[in-house]
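Here are the chains, one letter per residue:
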Amino acid sequence: YDKARPLMELALAAKRETLGDKHQSTLTSINNLGLLYKTMGEYDKARPLYEEALAAQRETLGESHPETLKSINNLAMLLKTMGDLDAARPMYEQVVEGTRKALGNNHPSTLISMFNLGLLLEDMGDLAGAAQILREEVAGMRAVYGPTHKETLSDAGALYDVLKKLGDDEGAAALAAELPGL
């Protein structure tokens, strides 16, 4: 990471100079540098980059564009990592709503955003809300990838855990019976 950082910073500076701050390629570089900082645990450096990219994408692409939604998701993930679950929740909810409208209920990006929201709700202690969104997400995964796909089973495992935490042993057992390999 330490070797990548100066190269990514240099590339971003060059894109800012040649393409401008709001060009999509520049915004991608801003997001990528933010991701690098997040991965390195330097959240205080990642956040302003994510916020800058998001503000520019809202301005240039609009609130419901898939790239804007990806930036909202990136910032929400960072906020969750930082422990600010209350700030992350409306962002995750916006991404779910936006990806459903833009891409459809069973698009992989929509399903990923639903899964992210489900995990956040679980972390917040809203197990009923988590179970509801994860049930819908797992149904979508089954429709898109099939019942034995590793991602379907992985996500179903998260739903199974939430159901067990809720004390819904019957629901957990039914899920396990429906998905061999869970």
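Cut-offs and rules
- Residues numbered from 1 in each chain as written.
- Predicted model: local features only at pLDDT ≥ 70, side-chain atom pairs only at ≥ 80, totals over all residues.
- Heavy atoms only, no water.
- Helix = DSSP H or I, 4+ residues; strand = E, 2+ residues; numbered from the N terminus.
- Contact = heavy atoms within 4.5 Å.
- Buried < 20%, exposed > 50% of the residue type's maximum accessible area, 1.4 Å probe, protein only.
- Core = buried A, V, L, I, M, F, W, Y, C linked by side-chain atoms within 4.5 Å.
- Axes fitted to C-alpha atoms, helices over the stretch in contact; angles between N-to-C directions.
- Parallel < 35°, antiparallel > 145°, perpendicular 65-115°, else oblique.
- Left-handed = near helix turned anticlockwise from the far one by under 90°.
- Nonpolar A, V, L, I, M, F, W, Y, C, P; charged D, E, K, R; others polar.
- Salt bridge = Lys/Arg side-chain N within 4 Å of Asp/Glu carboxyl O.
- Expected span 1.5 Å × (residues − 1).

Novice: Please set out the environment of glycine 146 residue by residue, giving values where relevant.
Specialist: Examined against the element boundaries, glycine 146 turns out to sit in the loop between α7 (127–145) and α8 (150–166). Once the C-alpha coordinates of glycine 146 and leucine 179 are considered, the two residues, 33 residues apart in sequence, prove to be 9.7 Å apart. Apart from residues lying up to four places away in sequence, glycine 146 is in contact with Met141 and Thr152.

Novice: An account of the side chain of threonine 99 is needed here, citing residue identities and associated values.
Specialist: Structurally, threonine 99 is set in helix α5 (residues 85–103). When its relative accessible area of 4% is taken as the criterion, threonine 99 is described as buried. Those residues in contact with threonine 99 that lie beyond four places of it in its chain are Leu69, Gly104, Ser109, Thr110 and Ser113.

Novice: Lay out the nonpolar core in plain terms, naming residues and giving numbers.
Specialist: Among the nonpolar cores identified, the biggest contains 46 residues, and Leu75, Leu117 and Leu159 are the most heavily contacted of them. Tallying contributions element by element places α7 first for this core, with seven residues. What leucine 159 contacts, discounting residues up to four positions off in sequence, is Ala131, Leu134, Arg135, Val138 and Leu175.

Novice: Break down the packing of α8 against helix α9 (residues 169–178) for me, with residues and values.
Specialist: Two numbers describe how α8 lies on α9: the axes approach to 8 Å, and their chain directions differ by 160°. Taken together, the axes of α8 and α9 are roughly antiparallel relative to one another. Crossing of α8 against α9: the hand is left-handed. When α8 is examined against α9, the residues Ala156, Leu159, Tyr160, Leu163 and Lys164 are found in contact with a partner set consisting of Asp169, Gly171, Ala172, Leu175 and Ala176. Class assignment for the residues of the contact of α8 with α9 results in seven nonpolar, one polar and two charged.

Novice: If you had to explain the pattern of salt bridges to someone new, which residues and values would you point to?
Specialist: Under the defined criterion, the tally for this structure stands at 18 salt bridges. Residue arginine 5 pairs with aspartate 2 through a salt bridge whose shortest N-O separation is 3.4 Å. Overall, aspartate 2 belongs to the exposed group, its relative accessible area being 57%.

Novice: How would you summarise the side chain of asparagine 74 if you had to cite specific residues and measurements?
Specialist: For asparagine 74, the location among the structural elements is in helix α4 (residues 66–81). Relative accessible area serves as the criterion here: at 18%, asparagine 74 is assigned to the buried category. Residue contacts for asparagine 74: discarding those within four places in its chain leaves Asn31 and Tyr50.

Novice: Break down the packing of helix α2 (residues 24–39) against helix α3 (residues 43–61) for me, with residues and values.
Specialist: One can describe the packing of α2 onto α3 by two numbers: an axis separation of 8 Å at closest approach and a directional angle of 155°. Judged by the angle between their axes, α2 and α3 are roughly antiparallel. Seen from above, α2 lies across α3 with left-handed handedness. Here α2 contributes Gln24, Leu27, Ile30, Asn31, Leu33, Gly34, Leu35, Tyr37 and Lys38 to the contact with α3, which in turn contributes Tyr43, Lys45, Ala46, Leu49, Tyr50, Glu52, Ala53, Ala56, Gln57, Thr60 and Leu61. A breakdown of the residues in the contact of α2 with α3 according to their chemical character gives 12 nonpolar, five polar and three charged.

Novice: If you had to explain α8 to someone new, which residues and values would you point to?
Specialist: Compared with the 24 Å implied by 1.5 Å per residue over 17 residues, the 24 Å span of α8 between its first and last C-alpha is a close match. Of the positions making up α8, those classed as buried are Thr152, Leu153, Asp155, Ala156, Gly157, Ala158, Leu159, Val162 and Leu163. Against α6 (108–124), α7 and α9 lie the buried residues of α8. Once α8 ends, the next one or two residues include glycine 167, with phi positive near 85°.

Shape descriptors only; they carry no functional weight alone.
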